[in-house]
Amino acid sequence: MNILVELRLRFHQALRTVVDDPTDLLDQVVPAQDPRFGDYQANMAMTLANRLSQPQRKVAEQIVQNLQVADLCDPPEVAGPGFINLRLRDDWLAAQLQRISTDPRLGVSPVDDPATFVLDYSSPNVAKPMHVGHIRSTVIGDSLYRILRFLGHRVIGDNHLGDWGTQFGMILYGYKHFRDPSQFAQSLVKELSRLYKLVNQLVEYHQIRQELPELQSQFAQRIEVLDQQQAVAPSADGAEQKRAAKRLRNLKKQVAEMRDKVAAAEKKLAEVEESPELCRLAEQHPNIGSAVLEETARLHAGDPENLGLWHDFLPACRQEIQKIYDRLDVRFDYEYGESFYQERLAEVVARLRQRGLATVSDGAVCLFLDGFDAPMIIQKSDGAYLYATTDLATIDFRMQTFQPDAILYVVDHRQHEHFQKLFAAARLVGYERVDLQHVSFGTVLGNDGKPYKTRAGDTVGLESLLDEAVRRAHAVVAANDDAKPDGPELDDDQRRHIADVVGHAAIKYADLCQNRTSDYKFDYDKMVALEGNTATYMQYSYARTQSIFGKGQIDVQRLRTLDSPLCLQHPTERALGLQVLRLSEAIAEAVVDYRPNILTGYLFDTAKRFSEFYQQCQVLKAESEALRTSRLRLCDLAGQAIRLGLELLGIRVVEKM
Ligand code: ARG
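Basis of the calculations
Residues numbered from 1 in each chain as written. Predicted model: local features only at pLDDT ≥ 70, side-chain atom pairs only at ≥ 80, totals over all residues. Heavy atoms only, no water. Axes fitted to C-alpha atoms, helices over the stretch in contact; angles between N-to-C directions. Helix = DSSP H or I, 4+ residues; strand = E, 2+ residues; numbered from the N terminus. Parallel < 35°, antiparallel > 145°, perpendicular 65-115°, else oblique. Contact = heavy atoms within 4.5 Å. Nonpolar A, V, L, I, M, F, W, Y, C, P; charged D, E, K, R; others polar. Pairing = 2+ DSSP bridges. Buried < 20%, exposed > 50% of the residue type's maximum accessible area, 1.4 Å probe, protein only. Near = heavy atom within 4 Å. Polar contact = N/O pair within 3.5 Å; in protein donor to acceptor, adjacent residues only side chain to side chain. Areas by Shrake-Rupley, 256 points an atom, 1.4 Å probe, with all protein chains shown as cover.

1. A closer look at the packing of helix α6 (residues 166-178) against helix α8 (residues 188-231)
Move 1: Between α6 and α8, the shortest axis-to-axis distance is 8 Å and the interhelical angle comes to 100 degrees. Comparing the axis directions of α6 and α8 gives the class roughly perpendicular. On α8, the residues that touch Q167, M170, I171, Y173, G174, Y175 and F178 of α6 are E191, L192, R194, L195, Y196, L198, V199, N200 and L202.
Move 2: For the contact of α6 with α8, a count of residues per class yields 11 nonpolar, 3 polar and 2 charged.

2. Examining the packing of helix α9 (residues 238-273) against helix α10 (residues 276-284)
Move 1: Following both chains from N to C, one finds α9 and α10 inclined at 100 degrees, their axes separated by 6 Å at the closest point. Taken together, the axis directions place α9 and α10 in an arrangement best described as roughly perpendicular. Between α9 and α10, the residues in contact are E271, V272 and E273 and L278, C279 and A282, respectively.
Move 2: Of the residues in the contact of α9 with α10, the class split is 4 nonpolar, no polar and 2 charged.

3. Here we look at the sheet that holds strand β7 (residues 358-361)
Hydrogen bonds between backbone groups are what pair the strands of a sheet, and the pairing can be parallel or antiparallel.
Move 1: Across the sheet, which stays open at both edges, the 3 strands sit in the order β7-β8-β9 with antiparallel pairing between neighbours. Strand pairing shows two members of the sheet lacking a second neighbour, β7 and β9 (376-379), which therefore form its edges. Strand-to-strand twist across the sheet, computed as the mean angle between neighbouring axes with direction ignored, equals 45 degrees.
Move 2: Across 4 bridges, the pairing between β7 and strand β8 (residues 364-367) is antiparallel.

4. Some points on unusual backbone geometry
Most peptide bonds take the trans configuration, and most residues that are not glycine carry a negative phi.
Move 1: Of note in the backbone geometry, D329 takes a positive phi value of approximately 60 degrees without being a glycine.
Move 2: Within the secondary structure, D329 sits in the loop between α12 (304-328) and α13 (342-354).
Move 3: A relative accessible area of 25% means that D329 is categorised as partly exposed.
Move 4: Residues other than glycine seldom take positive phi values, yet Y594 does so here, at roughly 55 degrees.

5. Brief notes about the site of the ligand
Move 1: Around the ligand, the surrounding shell consists of D120, S123, N125, H160, Y387, D391, Y409, V411, Q415 and F419.
Move 2: Within the side chain of Q415, a nitrogen or oxygen atom sits 2.9 Å from an oxygen atom of the ligand.
Move 3: For the ligand, whose free accessible area comes to 340 Å², the fraction covered by protein is 87%.
Move 4: Put simply, the parts of the chain that give the shell around the ligand at least two residues each are α14 (387-402) and β10 (406-412).

Given below as structure tokens:
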């Protein structure tokens with residue numbers, strides 16, 4: 001049962017006697033901020049009093065009179081100007097906890113009206129190794145997949161692999177010009193990733209050489225403007241002074257950003273120029289940028305050699321990525337990938353032209369969309385199709401194949417504009433009913449507040465990132481075990497297994513517990529810490545519940561089926577019990593705006609409530625057998641809530657830590 005939903009229902013009935021349609025008032029029934037005032041509170045009396053021009057307290061009292069909650073709450077109280085405070089009855093709470101004890105869903109009901117979701121997540125470009133930037137889409141998408149499914153929705157997970165883009169042009173060019181046959185025979189994937197890096201580096205080198213002078217002169221100009229601004233005598237007018245200060249701040253920020261940009265560009269140039277080998281290659285391949293595009297175009301046109309190589313390379317690339325998915329325990333229902341849609345693109349463009357929706361402008365086929373200055377190009381003048389064309393074809397396919405009610409794209413915030421245009425285009429095409437959502441997220445930053453890189457300035461590969469997290473988790477697990485009062489309990493194998501679970505969980509949780517739209521700082525030490533809002537702390541809390549059962553030699557299955565009422569007399573017992581019952585609310589709220597951090601927040605609170613309870617209440621040495629049993633059952637419920645919540649985030653637990 002979802003207590004909040006139930007209470008809102010009761011308020012709906014009560015308010016109907018006062019207003020015709022109370023729906024918009026119901027979100028003013030909320031969990032209480034301060035437990036001293038109860039468990040929930042309703043604040044709509046004030047709003048309503050304004051509307052009806054009546055005294056606030058009188059309206060509140062009238063609502064309370066009509067409110068039928070006696071079966072679940074103590075008599076409601078009106079406080080202050082008209083807050084209605086609700087406290088759940090202890091016997092009702094105890095009965096609810098009793099009811100969910102044997103329920104694997106812990107009382108969380110599936111939704112009444114299941115919908116079909118297509119979830120587009122992870123979706124890396126497969127020609128290059130996955131890096132830290134791919135964690136977010138993979139992990140957030142996977143957890144949304146699990147949560148929506150758990151709620152009873154039909155969910156189709158589709159990994160929209162980038163398996164057809166310029167990256168393949170790069171490895172094709174690399175293969176043809178720079179391959180090392182012996183390396184190739186040894187490890188295809190390693191060699192491909194070396195080729196990708198090399199070609200990318202040379203392409204960038206030539207591009208930067210062309211663009212740097214312009215960039216430098218823009219930078220110099222900005223500095224000049226800044227100098228001028230700084231030289232202006234301060235105005236006597238206060239408001240003008242403020243505006244000037246703001247201008248100055250903005251300018252300084254721009255200058256700092258440009259300085260970083262110039263420095264990064266110069267660094268890239270230097271990397272090539274300091275290596276005689278790279279210098280030679282750069283000189284020998286002056287037109288590598290356009291040559292790569294030609295290789296891509298040839299692949300797209302069905303050139304037998306390029307297509308053959310693509311067929312050779314793709315399985316290896318996908319295997320490499322699959323290794324990461326296996327480690328992260330992430331699965332998809334489909335992995336169609338961009339290549340799957342290629343044969344449909346011409347038709348998509350032709351149809352849009354036929355229907356008069358697309359127009360040719362400067363030789364390119366464009367969709368002009370309301371609310372956007374620039375059109376969405378769906379075919380370039382040289383005939384090439386674009387990322388957007390594939391995405392349009394993908395929507396067609398998904399609509400026909402799955403008839404979804406919603407398509408969620410879990411993709412980096414930098415693609416905001418792409419998706420806004422895509423959604424506008426989809427509506428233009430006639431997909432008006434499907435709910436298209438860009439579930440966007442911020443950047444993973446290093447300690448310096450800039451995108452997370454290795455010391456050498458490379459993006460960090462996911463594989464090594466996971467290894468490092470596991471290594472650090474091992475240290476934490478070992479230290480914790482060594483410090484146990486009766487000596488260590490874990491052997492080497494156990495420690496390794498636990499470190500593996502804890503390390504992977506740490507990476508996932510550190511990502512999921514962030515408000516997804518913000519950037520966050522990647523910090524190994526914080527993420528494996530035994531205290532704070534970390535997976536490690538949740539896993540530790542769960543393991544603690546299990547160790548209590550171990551110590552007391554408790555048969556948990558039997559415990560769950562006992563028919564004795566739970567005792568919620570101590571405030572920490574009651575708080576923990578109520579917290580367990582609020583799992584439904586957390587899960588429901590997490591999918592409102594697709595935010596797994598609502599669930600991590602719930603878990604953190606649950607772990608804290610459990611720890612407070614365990615500190616203040618004797619469990620195995622409780623005063624009476626009945627109390628001991630009741631407290632053991634609370635431990636079990638807390639453990640189950642944590643385990644289930646973590647499972648919905650794609651995180652496993654361990655029985656011992
Ligand atoms: N492969 C793309 C990238 O790495 C992300 C694809 C997201 N999904 C989509 N349907 N466009 O940037």
